Amino acid sequence: INVDDVTKPTVLTKGKTVYLDDSGNASIVAADVNNGTYDNCEGEISFILSKSTFSCADIPGVAVSLTATDCSGNSAGENAYVTVIDKIAPKITCASGTPFTRFTDLNCAYYTVGGTELDATAADACGIATLVYACPTASSSSGSTLAGVQLPVGIHTVTWTATDNNGNKSECQIVVTVEKRPV
């Protein structure tokens, strides 16, 4: 008498939360979403995930399918939800050389920032939403570039804030001293 196993495994899944790394990637294995899958016959059950790697594009999460195959070749699958979270703050770099000393423009009581000389830069695997400065003593107290901004004689603290596409923030500061032009 031959007995054929035609019963599919019973697939039980659970949700999983993953946190992206500095490169914006995360991964799982079948055991992360398997919640006690079983089969009516003894023998090994093999598992396949429909998706095991995740990136910024998968935020806030994605359904994955866990397929189980028993030793007789019977297969069944169930979905599990993988929550994908980015908690990595952007990398921000302020202009090097702080504190800066600048002299007033000719016949003026202020220094006009030339180009992007004092601007910060930022990078993040999931993208930068905003990069802005705050400087209450400048002619424009906030914005995305200091180019053309006038700084009066005195000491100015400029705080740069980078915010990534998922709301994580980083800051850096520079100090600019503006002195009267020597005669």
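Since the model is a prediction, treat every value here as computed from it, not as a measurement.

A closer look at the sheet that holds strand 14 (residues 154-164)
Hydrogen bonds between backbone atoms are what pair the strands of a sheet, whose relative direction is either parallel or antiparallel. The sheet built from 5 strands is open, its strands ordered 8-15-14-11-12 with mixed pairing. Strands at the two margins of the open sheet, each flanked by one partner only, are strand 8 (100-103) and strand 12 (142-143).

Remarks on the pairing of strand 5 (residues 61-69)
Sheet analysis places strand 3 (residues 46-49) next to strand 5, joined by 4 bridges and oriented antiparallel. Opposite Ser46, over in strand 5, you have Thr69 as the bridge partner. With 9 bridges joining them, strand 5 and strand 6 (residues 75-85) adopt antiparallel strand pairing. Bridged to Ala68 within strand 6 is Ala76. The antiparallel hairpin formed by strand 5 and strand 6 contains 5 residues in its connecting segment, where Gly73 sits at a positive phi of about 90°.

A short note on unusual backbone geometry
Cis geometry is found at the peptide bond from Ile59 to Pro60, where omega equals 10°. Assignment of secondary structure puts Pro60 in the loop between strand 4 (53-55) and strand 5. Here Thr98 and Pro99 are connected by a cis peptide whose omega angle stands at 5°. Looking at the secondary structure, you find Pro99 in the loop between strand 7 (91-93) and strand 8. Here Asn107, not a glycine, exhibits a phi torsion of approximately 60°, which is positive. Take Asn107: it is sitting in the loop between strand 8 and strand 9 (110-112). For Asn107, a relative accessible area of 76% translates into the label exposed.

Examining the state of the cysteines
Here is the idea: a disulfide is a covalent bond, and it sits between the sulfur atoms of two cysteines. Under the criterion given, the structure shown has 2 disulfides. In this model Cys56 forms its disulfide with Cys126; the gap between the sulfur atoms is 2.0 Å. Of note, the bridge from Cys56 to Cys126 carries an S-S torsion of about -80° and is left-handed in sense. Of this pair, Cys56 sits in the loop between strand 4 and strand 5 while Cys126 is found in the loop between strand 10 (121-123) and strand 11 (128-134), placing the two residues 70 residues apart along the sequence.

Comments concerning the sheet that holds strand 6
Pairing in this open sheet of 4 strands is mixed, and the strands run 1-6-5-3 from one edge to the other. Lying at the two open borders of the sheet, with one neighbouring strand each, are strand 1 (16-19) and strand 3. Strand-to-strand twist of the sheet, defined as the mean angle between neighbouring strand axes without regard to direction, takes the value 30°.

Re the pattern of salt bridges
Summed over all chains, the structure comprises 2 salt bridges. Asp58 is the salt-bridge partner of Lys51, the closest N and O atoms lying 3.6 Å from each other. Taking relative accessible area as the criterion, Lys51 reaches 27% and is therefore assigned partly exposed. Under the relative-accessibility criterion, Asp58 is labelled buried at 13%. Linking Glu117 and Arg102 is a salt bridge whose minimum nitrogen-to-oxygen distance equals 2.9 Å. Of this pair, Glu117 sits in the loop between strand 9 and strand 10 while Arg102 is found in strand 8, placing the two residues 15 residues apart along the sequence.

Scoring rules and cut-offs
- Residues numbered from 1 in each chain as written.
- Predicted model: local features only at pLDDT ≥ 70, side-chain atom pairs only at ≥ 80, totals over all residues.
- Heavy atoms only, no water.
- Pairing = 2+ DSSP bridges.
- Helix = DSSP H or I, 4+ residues; strand = E, 2+ residues; numbered from the N terminus.
- Buried < 20%, exposed > 50% of the residue type's maximum accessible area, 1.4 Å probe, protein only.
- Disulfide = S-S within 2.5 Å.
- Axes fitted to C-alpha atoms, helices over the stretch in contact; angles between N-to-C directions.
- Salt bridge = Lys/Arg side-chain N within 4 Å of Asp/Glu carboxyl O.

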